[in-house]
Amino acid sequence: MTKPEYDIYTDGACSGNPGPGGWAAVIMHGDKKEEISGYEKMTTNQRMELQAAVEALKQVPPGSKVRLHSDSAYLVNCFNQGWMTRWEKNGWLSAKGQPVENKDLWEQLAELTTKNKVEWIKVKGHSTDRLNQRCDQLAREAIVGAGGAENRENKTGYAGNEEACPGPDHYLSENYSTMNDKAPGSKTFSVNPKKRRIGLLTGGGDCPGLNAVIRAVVKSAGYSYHTEVVGFNDGFRGLVENNAGLIDDLAVSGILARGGTILGTSNRDNPFDYRPSGSPDYRDTGLDRSGDALKNLDNWGIECLVVIGGDGSLLLAHRFSELGVPVIGIPKTIDNDLPATDVTFGFDSAVTTATEAIDKIHTTAESHHRVMVVEVMGRDAGWIALHAGMAGGGDIILIPELPFDYSCIVDKINERNRWGKKFSIIVVAEGAYPAGTGPVYKTKGSMERLGGIGETVAREIEIRTDMESRATVLGHLQRGGSPTSYDRILATRFGFKAVELFSEGFCNRMVCLKGDKIDSVLLEKAVEGSKQVDPAGELVKAALAVGTSFGVPLEALS
Ligand code: F6P
């Protein structure tokens, strides 16, 4: 069969055979994951295996291509070896002329498989497949949750625990008169008394609004979705080292306005290429510790990992999703360079900080008749420089998207002098550079970090004009402090949306802002490329219209 439209994983479980039974299925359709489960008061394991397949197939539209993954030899053999077709032809009589056991379900299954193109896959007995394991867990929870063995008998009556299970006779004689009647009040689907669990980590550079997202995830999970949150400390390092704990409501109280992240973060740790903490040289080859991360997720019973991060962390999240971990991404970066969202949280706060700094630097520029250069962050994108430059009234804005020419900068400074403006403000992005050269880096060991272009520009101004020039590097000030109200709101909307996606069964998506709406995109799309300033775009046009120079000839922008 070519790629199926639906992958269905099923399992059944029984407390003794016959006994109270549960069944469950996980239905994967593209990036959508749905879990269903149910319970029968008095049944057999085989019947539960069948029930899981029947109920799951009922969920898919007729005509769908379906691959069913079951760990039941009973089911798979009956289907694959043509028994089911034979029985159907015989009017559901076995070779000995006896009615086939579970005839009602086989009939339904025959009808459902005729309607759909179904292929069966047997997964290794007591399955090693993560999604089949999940079904097993849900099926067992369904038994207990619907008042099954444990509640009724005050015993753990799971299969595999025969001593604790009172056994078939008990159920047949005392408590249950009919086979297969559903427990009073039990729901067919999603009998899940236990709180669900998601994991949460913050990765990459810190950024205002991280705590606001953590708070939104923890509060909406707890208040609205019966879900608890396990926080991994220090980004992916915590996931590998199992440095983690439950985050309760109290832990997120009062953090909305606080900068940084209560979980800690790291922009160096990669579970697939893992080095000891503080490794001096990041060119050293690391170890693949992703297996440890998977084990930790399993041990915590985490159904979905929520990763708050920029491009690097989201790429790692995507790699975990390829290993079968359901993941949801939340886009964070002051740089605003992620293409799948109009805005990342943290950007507005960084721009606000940079704007305030430019406002203050105006004082010295004016008083001393100097050219003041303000270097802002942003990596290879000029978003912070452009926004803060426009908001702070920068006379010259230099961005990586428009490699500049010193003679244009000098022309602008001289033009201002002629108009009686004996000072100028230059806002330069850390990734900006003169045409024909490349970005300026500071090197430490094997690590290269952008930085230094502000000083270079100030030096050149002093050489090329008779004015004094000074550079100020805003650096990590832009990542610190309290998030703006815009970022607090965006962070809250993102956090809530991530939990909502999880509860609706979506995974492997990143939440995003499109226009004024919160939406989501496939994670694999979200990690493609980066978003840069459009030199021909409306923002640049508006800045030019009010006399701002980009350090390039005007013709270059038309
Ligand atoms: O991506 C956010 C950012 O602040 C960039 O703007 C900057 O280039 C980089 O991180 C600095 O990283 P670090 O804190 O590791 O020096």
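Structure shown above.
Residues numbered from 1 in each chain as written. Predicted model: local features only at pLDDT ≥ 70, side-chain atom pairs only at ≥ 80, totals over all residues. Heavy atoms only, no water.

(A) How the structure looks around the environment of Ala 95. Secondary-structure assignment places Ala 95 in the loop between α3 (83-89) and α4 (103-115). With twelve residues separating them along the chain, Ala 95 and Trp 83 place their C-alpha atoms 9.8 Å apart. (Helix = DSSP H or I, 4+ residues; strand = E, 2+ residues; numbered from the N terminus.)

(B) Seen up close, the side chain of Asp 487. With respect to the secondary-structure elements, Asp 487 resides in helix α16 (residues 485-503). In this structure Asp 487 is buried but unpaired, with Arg 488 as the nearest side chain of opposite charge at 8.5 Å. In this structure Asp 487 touches Pro 208, Thr 344, Phe 345, Gly 346, Phe 347, Asp 348 and Ser 349, once residues within four positions along its chain are discounted. (Buried < 20%, exposed > 50% of the residue type's maximum accessible area, 1.4 Å probe, protein only. Lys, Arg positive; Asp, Glu negative; His and termini not counted. Salt bridge = Lys/Arg side-chain N within 4 Å of Asp/Glu carboxyl O. Contact = heavy atoms within 4.5 Å.)

(C) Representation of the packing of helix α14 (residues 406-418) against helix α15 (residues 453-464) in the model. One can describe the packing of α14 onto α15 by two numbers: an axis separation of 11 Å at closest approach and a directional angle of 65°. Where α14 crosses over α15, the two elements pack in a sense that is right-handed. Contacts between α14 and α15 involve Tyr 406, Ser 407, Ile 409, Val 410 and Ile 413 from the first element and Thr 456, Val 457, Glu 460, Ile 461 and Arg 464 from the second. Counted by class, the contact of α14 with α15 contains six nonpolar, two polar and two charged residues. (Axes fitted to C-alpha atoms, helices over the stretch in contact; angles between N-to-C directions. Left-handed = near helix turned anticlockwise from the far one by under 90°. Nonpolar A, V, L, I, M, F, W, Y, C, P; charged D, E, K, R; others polar.)

(D) Structural context of the sheet that holds strand β9 (residues 304-309). Here we have seven strands laid out as an open sheet, ordered β8-β7-β6-β9-β10-β17-β18, and mixed in their pairing. At either end of the open sheet lies a strand with only one pairing partner, and these are β8 (244-247) and β18 (517-522). With direction set aside, neighbouring strand axes in the sheet form an average angle of 30°. Here strand β10 (residues 327-331) runs beside strand β17 (residues 509-514); their pairing, made up of two bridges, is parallel. Residue pairing in the sheet places Ile 328 in a bridge with Arg 509 of β17. (Pairing = 2+ DSSP bridges.)

(E) Local environment of the nonpolar core. If you look at the biggest cluster of nonpolar residues, it comprises 81 residues, and the most contacted ones within it are Ile 330, Phe 345 and Phe 550. For this core, the leading source of residues is helix α12 (residues 347-368), giving eight residues. Here this core spans two domains, and each of domain 2 (196-346 + 483-526) and domain 3 (350-480 + 535-557) adds at least three residues to it. Within the second largest apolar cluster, 32 residues are counted, among which are Tyr 6, Ile 27, Met 48 and Met 84. (Core = buried A, V, L, I, M, F, W, Y, C linked by side-chain atoms within 4.5 Å. Domains from an automatic or database assignment.)

(F) Broad picture of the site of the ligand. In the vicinity of the ligand, the contacting residues are Asn 267, Arg 268, Ile 334, Asp 335, Met 377, Gly 378, Arg 379, Glu 430, Arg 449, His 476 and Arg 479. Between the ligand and Glu 430 there is a distance of 2.5 Å, counted from an oxygen atom to a side-chain nitrogen or oxygen. His 476 is positioned such that a nitrogen or oxygen atom in its side chain is 2.8 Å from an oxygen atom of the ligand. If the ligand stood free it would expose 400 Å²; the protein chains cover 82% of that surface. Per-domain counts for the shell around the ligand show at least three residues from each of domain 2 (196-346 + 483-526) and domain 3 (350-480 + 535-557). (Near = heavy atom within 4 Å. Polar contact = N/O pair within 3.5 Å; in protein donor to acceptor, adjacent residues only side chain to side chain. Areas by Shrake-Rupley, 256 points an atom, 1.4 Å probe, with all protein chains shown as cover.)

(G) Structural detail: the sheet that holds strand β3 (residues 32-43). Taken together, the five strands give an open sheet; going across it, the order is β3-β2-β1-β4-β5, and neighbouring strands pair in mixed fashion. Edge positions in the sheet fall to β3 and β5 (117-122), since each of these pairs with one other strand and no more. Here the strands of the sheet are splayed against their neighbours by 20° on average, with no regard to which way each runs. Pairing of strand β1 (residues 6-14) with strand β2 (residues 19-29), which is carried by eight bridges, proceeds in the antiparallel orientation. Of the residues in β2, the one forming a bridge with Thr 10 is Ala 25. Seen against the sheet, helix α1 (residues 45-58) touches β1, β2, β3, β4 (65-70) and β5 and runs at an angle of roughly 150° to β1.

(H) Quick look at unusual backbone geometry. Residues other than glycine seldom take positive phi values, yet Asp 234 does so here, at roughly 60°. Mapped onto the fold, Asp 234 is located in the loop between β7 (227-232) and α9 (236-241). The class for Asp 234 is partly exposed, based on a relative accessible area of 31%. With a phi close to 55°, Asn 508 is a non-glycine residue in the positive phi region. Within the fold, Asn 508 resides in the loop between α16 and β17.

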